[in-house]
Amino acid sequence: MTETLVRGAKILSVDEKHGTVPFDGDILIEGTTIKAIGSNLQAEPGAQVIDGRGKLVMPGLVNAHTHSSETFFRGRYQGMPLEIWLLYAYPLLMNDAIGERLLYLRSLLLAMESLGSGVTTFCDDFFDPPAHDLDRLSTVFRAYDDVGIRANVSSAVMNIHTLDALPYAREVMPQHLQDMLDFGPPITTHDYIDYCRSAFSALHDRAGRLNFMIAPSAPQRCTPDLMVACMDLAIEKDVPYHTHVLETKTQAVTGHEILGKSIVAHMNGLGLLKRNTTFAHSVWVSEEDIALMGEAGMSIAHNAVSNQKLGAGIAPIRRLLDAGVTVGLGTDGVCSNDTSRIFDVMRVAGLIHSASGPDYSKWVRADEILRMATIGGARSAMLEEITGTLEVGKAADLLILNLNSYAFTPFNDATRQLVFSENGSSIETVMVAGRVVMQHGQLTTVNKAEIFAELGELLPAYLTEHAELERRNSIFEPTMAEIHRRATLQDINLDRYQGDMPAFDGSNLA
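Residues numbered from 1 in each chain as written. Predicted model: local features only at pLDDT ≥ 70, side-chain atom pairs only at ≥ 80, totals over all residues. Heavy atoms only, no water.

Colleague: Quick question: what am I supposed to make of the overall build of the protein here?
Modeller: Check the secondary structure of the protein and you find 17 helices and 17 strands. For the protein, the C-alpha radius of gyration of 23 Å lies close to 24 Å, the compact-globule estimate for 510 residues. In terms of principal-axis extent, the alpha carbons of the protein reach across some 75 × 50 × 40 Å. Residues counted as buried form 58% of the 510 residues belonging to the protein. Considering only residue pairs separated by 6 or more positions, the protein has 76% of its internal contacts joining residues 24 or more positions apart. For the protein, the accessible surface area stands at approximately 20200 Å², while carbon and sulfur atoms represent 51% of it. (Helix = DSSP H or I, 4+ residues; strand = E, 2+ residues; numbered from the N terminus. Rg over C-alpha atoms; globule rule 2.2 N^0.38 Å. Buried < 20%, exposed > 50% of the residue type's maximum accessible area, 1.4 Å probe, protein only. Contact = heavy atoms within 4.5 Å. Areas by Shrake-Rupley, 256 points an atom, 1.4 Å probe, with all protein chains shown as cover.)

As structure tokens, then:
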């Protein structure tokens with residue numbers, strides 16, 4: 001079996017023994033896994049030897065939440081809250097599904113950018129309306145297999161009409177517009193679970209690093225029987241139960257207006273808060289919600305950049321951490337972030353929580369951020385036994401960074417400089433499961449120039465079609481704006497906004 005020896009590097013293992021303090025040593029890799037970490041290690045004759053002098057070796061980053069379906073909408077929208085943004089990124093009135101070649105290239109592009117910026121694992125909450133198609137899901141898996149990334153991939157589902165998953169929607173939207181949104185019966189719980197079982201049989205554990213995960217879109221968008229059936233299957237297959245919870249104030253109002261309780265309390269009542277559970281966002285969670293989440297030992301994907309671009313608010317990360325909730329970092333989709341770089345999310349997450357209050361002992365520290373970006377994300381993906389730290393027996397998912405770079409000159413503190421200074425430009429080598437997928441800043445698994453050339457030929461026509469789709473869906477924007485306005489004015493005894501906006505009336509002032 002092929003061996004690789006990284007000799008004489010600074011190693012930032014993020015394991016329990018060393019934490020986020022680097023130490024000098026060697027790493028011996030055999031096949032796909034780490035065989036030894038120590039000093040003066042010896043490799044078999046003919047092994048590849050990488051000179052680690054002046055280098056920092058660290059675990060590959062984990063993107064705990066993204067959406068490959070948004071990859072072609074980079075830089076397309078700004079100044080929109082989620083409820084309006086969804087009209088254009090996920091239109092109510094749809095064209096035919098994107099063609100298979102563009103589907104492949106779209107998935108490939110996200111994985112290429114991710115690997116190039118140090119992300120070795122991501123959780124793709126893949127959404128491909130109007131149907132669940134195993135062949136199309138297989139195309140996404142094939143792209144990730146070809147480029148060499150590790151991934152959890154879903155086929156996200158919802159079976160409640162959009163207008164019944166939003167407060168005030170039926171009241172606000174004119175009837176003639178509502179009539180345009182009659183799409184026939186939604187997928188049944190039985191049919192979706194049957195589809196998921198087929199996905200597990202055909203695609204799960206592909207190449208030893210690509211898995212299928214369960215992703216009901218959100219509790220307000222799925223019937224209780226579907227949510228429970230999804231959890232039962234997630235537990236049976238030992239995979240994440242990945243869902244969106246309380247991203248915006250509108251969603252917080254949705255819980256009280258439609259479910260009669262907080263969305264987290266609703267899920268708890270259904271028995272859906274478990275080790276498998278990962279919430280994307282969790283901005284508008286209450287103290288009671290946080291306590292339930294901590295007791296369950298569940299996880300969240302903290303999308304610090306996306307939350308700000310869509311004006312969602314600032315998640316209570318310190319309180320979630322203190323309650324025992326595992327926190328990973330996610331970019332969310334490229335359309336609500338504009339990059340797939342976790343280094344960007346690390347920096348924003350390392351800064352924005354200092355605005356939570358003057359008690360600086362509660363501010364989120366760089367070492368906590370680094371753990372979120374590595375082992376926290378791995379745990380949220382239920383991959384903590386495989387990746388997220390550099391330890392003997394784990395997969396050789398790692399980054400080698402050049403310390404002779406702007407970000408590390410002078411070299412003061414590896415963790416702080418990774419969080420506050422690095423943007424991915426110091427990365428020289430990326431390895432996934434022992435395979436070098438990027439070397440000297442160049443991907444080794446695909447031809448980047450050819451991919452970009454083909455995208456340059458195919459994307460203009462696709463984006464022209466999408467622009468027409470945006471125009472068609474703009475008729476719903478006044479309705480979504482009014483829903484957002486009404487929800488924003490509600491007093492829910494909770495505020496996750498920051499800045500110089502006037503305070504809300506009522507107990508928000510307390």
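Resuming the write-up.
Colleague: How should I be thinking about the side chain of Thr4 in this particular structure?
Modeller: One can find Thr4 in strand β1 (residues 3-11). One polar contact links Thr4 to Gln48, side chain to side chain, over a distance of 3.5 Å. Discounting chain neighbours no more than four positions away, the residues touching Thr4 are Ile27, Leu28, Ile29, Gln48, Ile50 and Met431. (Polar contact = N/O pair within 3.5 Å; in protein donor to acceptor, adjacent residues only side chain to side chain.)

Colleague: What should I look at first to understand unusual backbone geometry in this one?
Modeller: Most peptide bonds take the trans form, and the phi angle of most residues other than glycine is negative. Residue Pro130 is bonded to the preceding Pro129 through a cis peptide linkage, with omega at 15°. With respect to the helices and strands, Pro130 occurs in the loop between β7 (119-124) and α3 (134-147). Omega for the bond connecting Thr409 with Pro410 falls within 30 degrees of zero, at 0°, which places this linkage in the cis form.

Colleague: Quick question: what am I supposed to make of the pairing of strand β3 (residues 33-38) here?
Modeller: For a regular strand, side chains alternate in direction, first toward one face of the sheet and then toward the other. Where strand β2 (residues 23-30) meets β3, five bridges bridge the pair, whose relative direction is antiparallel. Bridge pairing in β3 places Ile29 opposite Ile34. Between the end of β2 and the start of β3, which pair antiparallel, lie two residues, with Gly31 showing a positive phi angle near 65°. (Pairing = 2+ DSSP bridges.)

Colleague: Just checking my understanding: could you explain the packing of helix α8 (residues 249-259) against helix α17 (residues 477-489) for this structure?
Modeller: At a minimum axis separation of 9 Å, α8 and α17 run at an interaxial angle of 75°. Taken together, the axis directions place α8 and α17 in an arrangement best described as roughly perpendicular. Between α8, through Lys249, Thr250 and Val253, and α17, the contact on the second element is made entirely by Ile483, His484, Ala487 and Thr488. In the contact of α8 with α17, the residues fall into three nonpolar, three polar and one charged. (Axes fitted to C-alpha atoms, helices over the stretch in contact; angles between N-to-C directions. Parallel < 35°, antiparallel > 145°, perpendicular 65-115°, else oblique. Nonpolar A, V, L, I, M, F, W, Y, C, P; charged D, E, K, R; others polar.)

Colleague: Explain the sheet that holds strand β11 (residues 277-281) to me, please; I cannot follow it from the model alone.
Modeller: Strands pair in a sheet through their backbones, by hydrogen bonds, and they do so in one of two ways: parallel or antiparallel. Within the open sheet, the four strands sit side by side as β10-β11-β12-β13. Their pairing is parallel. Edge positions in the sheet fall to β10 (241-245) and β13 (326-329), since each of these pairs with one other strand and no more. Put simply, the sheet's adjacent strands are angled 30° from each other on average, direction ignored. Pairing analysis gives three bridges linking β11 to strand β12 (residues 299-302), with the strands arranged parallel. Within β12, the residue paired with Thr278 across the bridge is Ser299. Each of β11, β12 and β13 is contacted by helix α14 (residues 366-380), which is oriented at about 105° to β13, the strand it contacts most.

Colleague: I tried to follow helix α2 (residues 100-116) on my own but got confused; where do I start?
Modeller: Structural remark: α-helix, 3.6 residues per turn; residues separated by three or four positions point the same way. Here α2 spans 24 Å end to end across 17 residues, near enough to the 24 Å set by a 1.5 Å rise per residue. A large share of α2 lies buried, amounting to 14 of its 17 residues. (Expected span 1.5 Å × (residues − 1).)

Colleague: Would you take a moment to explain the packing of aromatic side chains for this structure?
Modeller: Two aromatic rings are characterised by how far apart their centres lie and by the angle between their planes. On inspection of all chains with the given rule, the structure shows eleven aromatic pairs. Seen in terms of ring centroids, Phe73 and Tyr462 are 6.4 Å apart; in terms of plane orientation they differ by 10°. Their pairing is stacked. Taken together, the residues Phe73 in the loop between β6 (61-66) and α1 (82-89) and Tyr462 in helix α16 (residues 448-473) connect sequence positions 389 residues apart. An identical accessibility class is assigned to Phe73 and Tyr462; each is buried. Where Trp85 meets Tyr90, the ring centres are 5.9 Å apart and the plane angle is 65°; that geometry is what we call edge-to-face. According to the relative accessible area criterion, Trp85 is buried, its value standing at 4%. Taken together, the aromatic side chains of Phe72, Phe73 and Tyr462 make up a single cluster linked through ring pairs. Against the face of Phe200 rests Lys237, its NZ or CZ located 5.5 Å from the ring centre. The lysine or arginine in question, Arg486, covers the ring of Tyr168, its NZ or CZ lying 5.9 Å from the ring centre. (Phe/Tyr/Trp six-rings, centres within 6.5 Å; stacked < 30°, edge-to-face > 60°. Lys NZ or Arg CZ within 6 Å of the ring centre and 35° of its normal.)

Colleague: Please explain the nonpolar core as it appears in this structure.
Modeller: Counting 133 residues, the largest nonpolar core has Tyr144, Ile214 and Met346 as the members making the most contacts within it. In terms of residue count, α2 provides more of this core than any other element does, ten residues in total. Beyond its immediate stretch of four places on either side in the chain, Ile214 contacts Cys196, Phe200, Cys230, Leu233, Ala234, Val239, Pro240, Tyr241 and His242. Counting 15 residues, the second largest nonpolar core, distinct from the first, contains Ile27, Ala396, Met431 and Val436. (Core = buried A, V, L, I, M, F, W, Y, C linked by side-chain atoms within 4.5 Å.)

Colleague: When you look at the sheet that holds β6 in this model, what are you seeing that I'm missing?
Modeller: Reading across the sheet, the four strands line up as β6-β7-β8-β9 and stay open at both edges, with parallel pairing between neighbours. In this open sheet, the two edge strands, each paired with only one partner strand, are β6 and β9 (210-212). Geometrically, the sheet is characterised by an average inter-axis angle of 10° between neighbouring strands, direction not taken into account. Note: β6 against β7, four bridges, orientation parallel. Residue pairing for β7: Asn63 is matched across the bridge by Phe122. The sheet contacts of α2 involve β6 and β7, and relative to β7 the element is tilted by about 140°. Strands β6 and β7 of the sheet are contacted by helix α13 (residues 342-352), whose axis makes an angle of about 85° with β6.

Colleague: Which parts of the structure should I look at to understand the packing of helix α6 (residues 189-203) against helix α7 (residues 224-237)?
Modeller: The axes of two packed helices give the description: the angle between them and the distance between them. Taken N-terminus to C-terminus, the directions of α6 and α7 make an angle of 20°; their axes are 10 Å apart at the nearest point. Accordingly, the angle class assigned to the pair α6 and α7 is roughly parallel. Our pair here, α6 against α7, has a crossing hand that is right-handed. In this structure, α6 uses Thr189, Tyr192, Ile193, Cys196, Arg197 and Phe200 to contact α7, whose residues at the interface are Asp225, Leu226, Ala229, Cys230, Leu233, Glu236 and Lys237. Of the residues in the contact of α6 with α7, the class split is eight nonpolar, one polar and four charged. (Left-handed = near helix turned anticlockwise from the far one by under 90°.)

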